[in-house]
Structure formats: C-alpha cells, structure tokens
Amino acid sequence: MSRRALVIGAGVSGLTTAIVLAERGHDVLVVAEEPQGTTSRAAGAMCGPGFAPSGSPESRWEKISKRNFRELADEEGTGVDTVNALLVAQTSGPVPPLDPVYEARPCDPAELPPGFGTGLRVRTQTADMPTYLSYLSGRLRHAGSRIEQRRVAHLRDAAGEAPLVVNCAGIGARELAEDPDLFPVRGQHVVVDNPGIDTLYFQMTLGSSWVSWMPHGGEVVLGGIAQAGDDRMEIDAAVAEQILAGAVALEPRFAEAEVIEHRVGLRPTRPSVRLEAETVDRARCVHNYGHGGMGVSWSWGCAVEAADLLLSN
C-alpha cells in the first residue's frame, strides 16, 4: 500500500491524526483552508473526564487520549498541564465511576456553590490551545510532514491527490462529506489575566450556558455557552458580559482581571462521532469528525482508530 496520505483539517483532530500516521512512517500532507483559525483554538480545554459508559467507544477514546495527555503534561512547551479541578452538577446522587487516573473524590456539601447538589474533585489535564496547536504543528513538521493552506471542495479532489485520505474537516464536513446530520454548536470564551486561580471549575449542566474557568498559567479561559444551530463567528458582546458576570459572581477576583481576548468556535456536532471508512473513487477515505465539545478529550483515541481504519486494507 502507498504511504502517501492527505489529511483534511488542521484542528486538533486533523493534526493528531496526521501525527499518528507520520510517526508510523507515512508521507502525510495536511490541507486546511484556515490553519490558524480552527475551532480547536477557541477551546478551553479540559482533557476529560467525559463520563462515558465503561466499554463504550467514547470511553476507549478517552482512555487512549488520557494516557497521551498525561505524558504531554511532563514535557516542556506542549501547553498541557495537570491541574486540580472541581466539577459540579445541579442534580444530586451518585456519579459514574471514573478511571483511577483522575484521583476523584466526592465533594462535601460545603464545597458546592448554591444550587448544586453533586460535585467531584479530580486531577486532570488542560491544554492551552494556541500553544498546544503550535506544538502539534511542530511535532508534525519534525516527523517530515507539512501543512498547506488551501480549500478542498470535494472528497473526490482529495482522492485524486493521494490513495489515503482522512476527513477531519470539523464543521466543514457538512459540505465536504454532504452530511446533513452535522450541525454547529456555537461556543464563546473570554480570556482574562489570571488573578491567582489554580483550580479548574466546571458546571456540568444540560442547559445552554454554564460557568467555568480553566487556568493556563498567566491566563484563564472563562465560559461557557452552547448555541445549537448558530454559526456566527462574530463576538457577541452580550454573551461575553454574561460569561464575565457568571464568573465574578462565584469568584470575585475576576472582577479586576483584564480581558485579553475573546474566542469563538463552532463545535461540530452530530448524533454520534463519524469514525468510519469508505472508498472514494480509488482512494480509501476515513472520516473522523463530529466530536462536538469532546474533540480535545477524544483526539488521540480517535486519531489512533482513524489511522488503524485507514491502513486496515
């Protein structure tokens, strides 16, 4: 089988999949319309837990990814760190068991904010996405691969360039793969100077908004919002104000924190992740998209399975 592979998309899924292929000895080209403007850059990003049922594909992807992120946290310059995290939910009751790597323990009632009935203290990894994406790009180049900025309009065009193709186009797969099940869920974050926060905080809710903060050294990423079907990439000032107000209400130190930037991204969402192979003209094509808000947490697991699928002929 030819070792030439073309990966469409330079977000976390595309770069990670390309690295897996390149480090297995394949000649990989990554093509992306906006390599520096992917949704991945706007992510928080907490690397699990995802609370997927044991034995599910999602649980398997998270386990593989977690192993990689724990290793990356020990390397300089990756943007990945290990942090303490407080995860809270409004409902009370037991939570699904977590892998021992999270060192999880239930919260005492006194540790919970008003209106929340359950909480967990865990140890997990976070990724400062601009730094992490830069690290992935550099690692890919070190493996002998490259990234080209251009648009791929049709999968058959990619199939004409290489016998192995991976579609990691994110929300762009709506048109590229003609997938009517894929839709955007708009997210927005506010990045502020860190006023001394060292613990990640995340409200696990089924609603469209929540309060979260994820420290990355001198910065903190504040969230969050999930606006299904909304594909606006412009900053929404009202949403930014809501995010800041929610954070300040729970942590007054954010009141004086300087706003560094605003980030917007479209989470590529569908009823289930599309991780499967098909033949496009004479090329073998693997789809790896539709991760919603779990793209970072599942990235290494999905990349390994995508590479295995691609090379299974």
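Let me begin by describing the structure that accompanies this report. (Residues numbered from 1 in each chain as written. Predicted model: local features only at pLDDT ≥ 70, side-chain atom pairs only at ≥ 80, totals over all residues. Heavy atoms only, no water.)

## Side note on the overall build of the protein
At step 1: Helix and strand content of the protein: seven helices and 14 strands.
At step 2: Overall size of the protein, expressed as C-alpha extent along the three principal axes, is 60 × 40 × 40 Å.
At step 3: Within the protein, the proportion of its 313 residues that are buried is 53%.
At step 4: Considering only contacts within the protein whose residues lie at least 6 apart along the sequence, 74% involve residues at least 24 apart.
At step 5: Only carbon and sulfur atoms are counted for the fraction: they give 48% of the accessible area of the protein, which is about 14,100 Å². (Helix = DSSP H or I, 4+ residues; strand = E, 2+ residues; numbered from the N terminus. Buried < 20%, exposed > 50% of the residue type's maximum accessible area, 1.4 Å probe, protein only. Contact = heavy atoms within 4.5 Å. Areas by Shrake-Rupley, 256 points an atom, 1.4 Å probe, with all protein chains shown as cover.)

## Let's talk about the pairing of strand β3 (residues 80-89)
The two faces of a sheet get side chains in turn, since along a regular strand they alternate between them.
At step 1: Counting buried positions over the 10 residues of β3 gives seven, a clear majority of the element.
At step 2: The sheet contact formed by β3 and strand β5 (residues 118-127) spans 10 bridges and is antiparallel. Bridging across to β5, Val 83 finds its partner in Thr 124.
At step 3: Bridging between β3 and strand β9 (residues 199-204) involves six bridges; their strand directions are parallel. Its bridge partner being in β9, Val 88 is matched across the sheet by Gln 203. (Pairing = 2+ DSSP bridges.)

## Some words on the pattern of salt bridges
At step 1: Evaluated as defined, the whole model comprises 17 salt bridges.
At step 2: In this structure, Glu 111 and Arg 121 form a salt bridge, with 2.9 Å as the shortest nitrogen-oxygen distance. Here Glu 111, found in the loop between β4 (105-106) and β5, pairs with Arg 121, found in strand β5; they are 10 residues apart in sequence, far enough to count as distant.
At step 3: The exposure class of Glu 111 is partly exposed, given its relative accessible area of 21%.
At step 4: Note on Arg 121: relative accessible area 27%, which makes it partly exposed.
At step 5: Between Arg 150 and Glu 161 there is a salt bridge, and its shortest N-O distance comes to 2.8 Å. Residue Arg 150 is located in the loop between β6 (146-149) and α4 (155-159), and its partner Glu 161 is located in the loop between α4 and β7 (164-167); the two are separated by 11 residues in the primary sequence. (Salt bridge = Lys/Arg side-chain N within 4 Å of Asp/Glu carboxyl O.)

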